[in-house]
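An overview of the molecular structure
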Amino acid sequence: MRHTVFRRRMAEEFGRVRAEMLAQDHVMSALGGRTVNEALEAGVPPKEVWLAVCETFEVPWERR
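Below is a summary of the structure that appears in this document. (Residues numbered from 1 in each chain as written. Predicted model: local features only at pLDDT ≥ 70, side-chain atom pairs only at ≥ 80, totals over all residues. Heavy atoms only, no water.)

1. Let's talk about unusual backbone geometry
Unusually for a residue other than glycine, Glu58 sits at a positive phi of about 50°. Within the secondary structure, Glu58 is located in the segment after helix H4 (46–56). (Helix = DSSP H or I, 4+ residues; strand = E, 2+ residues; numbered from the N terminus.)

Structure follows, in structure tokens:
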């Protein structure tokens, strides 16, 4: 998954503004105590980050 696809999915699922806020501010244990942005900057693959977001926010399987 490319970063652009990841960002598009975040915006589709949460809305553009909320997705940006979640990526910047929400610390997730599934990402090692990092935010989405920190995890991506550390080199965690976007698909892995997306799955962590989906698990954390209980995104239905059909949208994962």
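2. Focus on the packing of aromatic side chains
Within the structure shown, the criterion is met by two aromatic pairs. Ring geometry for Phe6 against Trp50: centres 6.2 Å apart, planes inclined by 85°, an arrangement best described as edge-to-face. Here Phe6 is found in helix H1 (residues 3–14), whereas its partner Trp50 is found in helix H4, with 44 residues between them in sequence. Like Phe6, the residue Trp50 is buried in the burial classification. (Phe/Tyr/Trp six-rings, centres within 6.5 Å; stacked < 30°, edge-to-face > 60°. Buried < 20%, exposed > 50% of the residue type's maximum accessible area, 1.4 Å probe, protein only.)

3. Describing the environment of Ser29
Mapped onto the secondary structure, Ser29 falls in the loop between helix H2 (16–25) and helix H3 (36–41). Spatially, the C-alpha atoms of Ser29 and Lys47 are 16 Å apart, while their sequence positions differ by 18 residues.

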